[in-house]
Amino acid sequence: MVQSRSLIDEKGKRSDGRIIDELRQIKINVGIIRNADGSALIEFGKNKIIAAVYGPREVHPKHMALSDRCVVRCRYHMSPFSTDTRKSPAPSRRETEISKVIRESLEPALILEDYPRAAIDVFIEVLQADGGSRCAGITAASVALADAGINMRDMVSACAAGKVDDKIVIDINDTEDKEGGADMPVAFMPNLKKITLLQLDGELTPDQFNTCLDEAIRGCMKVYEIQRSSLMEKYFGDEKGLKE
Amino acid sequence: MQDVKRKYVIPGDIVAEGNLRALVNVFRNGNSIVATRIGITESNNEGAKVIPLSGIYFPRANDIVIGKIQDHSSLSWSVDINSSFAAHLPAQDIFGRDFSPAHDDMGRQLSTGDVIVARIAIFDRTRDPILTIQDKDMGKIPTGELIKISPTRVPRLIGKRGAMIQTIEHASSTRITIGQNGIIVVSGKDKEGITLAINAIHIVEAEAHTSNLTQRIKQLLNVPESEIEGDDDSQTSNEANETLSSDEKSISNNINSEMGVVNPNGSK
């Protein structure tokens, strides 16, 4: 990828006014869909994404069921009105691929052996997209899974880092994704300290790669704090912290 | 009482460290015990566990559940028990050991859509749960309003030694049958009573983790002041204290008091 114009100004501000190690505003609302077993709405900058989790429930068609564990089915979908120009509602190659990587980034956190012959359905619907929607989708899906009361080893938090003007920046937005040098989405289990998703689009030197990964993980930890506080607020309200 | 330590957790949080037994909704990671659900932890000498605040129903042997008949094969009924497994009620459970699909008409006993109170006789994850209605006051429920709550709220709805559910039943003059799977049948003579009871149940579900809940429910149901006792200050911990044995006792008490339940054996 060759960058055609500068995306960081002389004051060190990025195209949306952030500095290089600043995340966009993140807000998560838990339990917004009554019919789902667990759900979350995430606002990640201009991204607006709903995640809904159903299950564990019976698998239909039955031949898909696994006798020793649960199957996870994930659907990432962008609504036709989520982008500048209308997006066809039919699942595209990109969406099918993102559905797969999101499923694979969530599976390590779930204790699937606890629900044999069942299925967990994860629906991620992008209402408004502004770059980094797979990371925001994973973050929201993880909150929705916890809200659904599915046994999990850890939460999954996701954040991207990348290269813009040869500088490593955190939480790439749409412009930086399209015009910048590199984009690296990372999903991370914050307590187990394990990476469940690592993709890289663009070119980075080994040193840049290491810095980029460290920055992305730092972003994930910040995202985790927001996931945590949103779940705590829904379930325990004002009664926060320890209780003896 | 033993010294019990509690805190609020989400999946991945450390419940306790050291050489404790990992009980339910936790797993061991090195030296620490980690929560797998959102809930309230409880750790004492016996081990550490998490009392979950969300989640679907996972069957356990001897649970009393309310289910809806979905269909029947020539040998058993399949019953929806609000879980990821479809339960089976063998025809022999009702017709006896000399049941013969050629002579006995299963549809005459229970048909699709019927609601039953049953006990899970056998369940071990490798196969679907098997139900039985061969206990006192189990079987078909003829009338009532069916409502669904989160199965994690069932212990709270029953309350300490059945306090909560008895309060609601008294104040609304209804009979409430609770299944461990979160399905509840409310029956009564007048509509107002049933509506009142259903509202109260929904409030208990929504505010299960808050303290002083029984008292607030009493106020809502207009139970006279003299009947409001001050024994309810530590309700949040009471919720956590609800042990399974006491839940089951309360449930069977409720079912015993369920006048309308027809025992299919008796009616045969």
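Here, every reference points to the structure presented above.
This is a predicted model, so every value here is computed, not measured.

Colleague: Outline the pairing of strand β3 (residues 47–58) of chain A, listing residues and values.
Modeller: Residue and element names in this part refer to chain A. As defined by bridge partners, strand β2 (residues 38–44) adjoins β3 across seven bridges and the pair is classed as antiparallel. Paired with Leu 41 across the bridge in β3 is Ile 50. Count of turn residues in the β2/β3 antiparallel hairpin: two residues, of which Gly 45 carries a positive phi of about 65 degrees. In terms of strand pairing, β3 meets strand β5 (residues 118–128) through nine bridges, oriented antiparallel. Residue pairing for β5: Tyr 54 is matched across the bridge by Asp 121.

Colleague: Provide a residue-level description of the nonpolar core, including the pertinent values.
Modeller: In this structure, A:Val122, A:Ile124, A:Leu145 and A:Leu231 are the most contacted members of the largest nonpolar core, which totals 73 residues. Considering every element that reaches this core, the biggest residue donor is helix α4 (residues 206–236) of chain A, with eleven residues. Within the second largest apolar cluster, 29 residues are counted, among which are B:Ile64, B:Val79, B:Ile94 and B:Ile116.

Colleague: Please provide a residue-by-residue account of unusual backbone geometry, values included.
Modeller: In this chain, A:Gly55 is followed by A:Pro56 through a cis amide linkage whose omega measures 0 degrees. Note on placement: A:Pro56 falls in strand β3. Cis geometry is found at the peptide bond from A:His60 to A:Pro61, where omega equals 0 degrees. Its location among the elements puts A:Pro61 in the loop between β3 and β4 (71–78). In this structure, B:Asn82 is a non-glycine residue whose phi angle is positive, near 60 degrees. Unlike most non-glycine residues, B:Asp137 shows phi in positive territory, near 55 degrees. In this fold, B:Asp137 is placed in the loop between β11 (130–132) and β12 (139–140).

Colleague: Before we move on, could you go through the interface of chain A and chain B and cite the residues and values that matter?
Modeller: At the interface, 35 residues of chain A touch 34 residues of chain B. The contact between chain A and chain B buries some 2900 Å² in all, and 57% of this surface belongs to carbon and sulfur atoms. Here chain A is connected to chain B by two salt bridges. Two residues, B:Asp128 and A:Arg117, come together in a salt bridge whose shortest N-O distance is 2.8 Å.

Colleague: How would you sum up the packing of helix α4 (residues 163–172) of chain B against helix α5 (residues 191–206) of chain B? Please name residues and give values.
Modeller: In helix packing, the relevant descriptors are the interaxial angle and the interaxial distance, both defined with respect to the helix axes. All names here are of chain B. Relative to each other, α4 and α5 sit at 155 degrees, their axes nearing to 9 Å. Here α4 lies roughly antiparallel to α5, going by the angle between them. By crossing handedness, the relation of α4 to α5 is classed as right-handed. Residues Met 164, Ile 168, Ala 171 and Ser 172 of α4 lie in contact with α5, whose contacting residues are Gly 193, Leu 196, Ala 197, Ala 200, Ile 201 and Val 204. Its residues assigned to classes, the contact of α4 with α5 comprises eight nonpolar, two polar and no charged.

Colleague: Describe helix α2 (residues 133–147) of chain A, listing the residues and the values that go with them.
Modeller: All names here are of chain A. Under the 1.5 Å per step criterion, the end-to-end length of α2 is 20 Å for 15 residues, consistent within 8% with the ideal 21 Å. Of all the 15 residues making up α2, 15 are buried; the element is thus mostly covered by neighbouring parts of the structure. Positive phi shows up at Gly 149, right after α2, with a value of about 75 degrees.

Colleague: An account of the sheet that holds β3(A) is needed here, citing residue identities and associated values.
Modeller: Residue and element names in this part refer to chain A. Strand order in the open sheet formed by five strands is β1-β2-β3-β5-β4, and the pairing between neighbours is mixed. Looking along the sheet, the strands with just one partner apiece sit at the ends: β1 (26–30) and β4. Within this sheet the neighbouring strands show an average axis-to-axis angle of 15 degrees, counted without direction. Its contacts with the sheet place helix α1 (residues 93–106) against β4 and β5, and it is angled at close to 140 degrees to β4. Here α4 sits on the sheet in contact with β1 and β2, set at roughly 30 degrees to β1.

Colleague: Help me get a handle on the environment of B:Leu20, residues and values and all.
Modeller: Checked against the element boundaries, B:Leu20 lands in the loop between β2 (14–17) and β3 (26–29). As for B:Leu20 and B:Ile33, which are separated by 13 residues in sequence, their C-alpha atoms are 7.9 Å apart.

Colleague: Go over the packing of α1(A) against α2(A), please, and point to the residues and values.
Modeller: Residues and elements named next belong to chain A. As a packed pair, α1 and α2 sit with axes 10 Å apart at the nearest point and diverge in direction by 45 degrees. With respect to α2, the axis of α1 lies oblique. The element α1 and its partner α2 pack so that their crossing is right-handed. Along its contact with α1, which presents Arg 94, Ile 98, Ile 102, Ser 105 and Leu 106, the element α2 presents Ser 133, Arg 134, Ile 138, Ala 141, Ser 142 and Leu 145. Of the residues in the contact of α1 with α2, the class split is six nonpolar, three polar and two charged.

Colleague: Could you give an account of the sheet that holds strand β4 (residues 32–35) of chain B, naming the residues involved and the relevant values?
Modeller: Residue and element names in this part refer to chain B. The strand order across the open sheet built from three strands is β2-β4-β3, with neighbouring strands paired in antiparallel fashion. Only two strands of the sheet have a single neighbouring strand rather than two, namely β2 and β3. Taken over all neighbouring pairs, the strand axes of this sheet differ in orientation by 25 degrees on average, direction set aside.

Rules used in this analysis
- Residues numbered from 1 in each chain as written.
- Chains lettered and ligands numbered in written order.
- Predicted model: local features only at pLDDT ≥ 70, side-chain atom pairs only at ≥ 80, totals over all residues.
- Heavy atoms only, no water.
- Pairing = 2+ DSSP bridges.
- Helix = DSSP H or I, 4+ residues; strand = E, 2+ residues; numbered from the N terminus.
- Core = buried A, V, L, I, M, F, W, Y, C linked by side-chain atoms within 4.5 Å.
- Buried < 20%, exposed > 50% of the residue type's maximum accessible area, 1.4 Å probe, protein only.
- Contact = heavy atoms within 4.5 Å.
- Buried area = accessible area lost by both parts, 1.4 Å probe.
- Salt bridge = Lys/Arg side-chain N within 4 Å of Asp/Glu carboxyl O.
- Axes fitted to C-alpha atoms, helices over the stretch in contact; angles between N-to-C directions.
- Parallel < 35°, antiparallel > 145°, perpendicular 65-115°, else oblique.
- Left-handed = near helix turned anticlockwise from the far one by under 90°.
- Nonpolar A, V, L, I, M, F, W, Y, C, P; charged D, E, K, R; others polar.
- Expected span 1.5 Å × (residues − 1).

Geometric descriptors of this kind do not, in isolation, establish any biological role.
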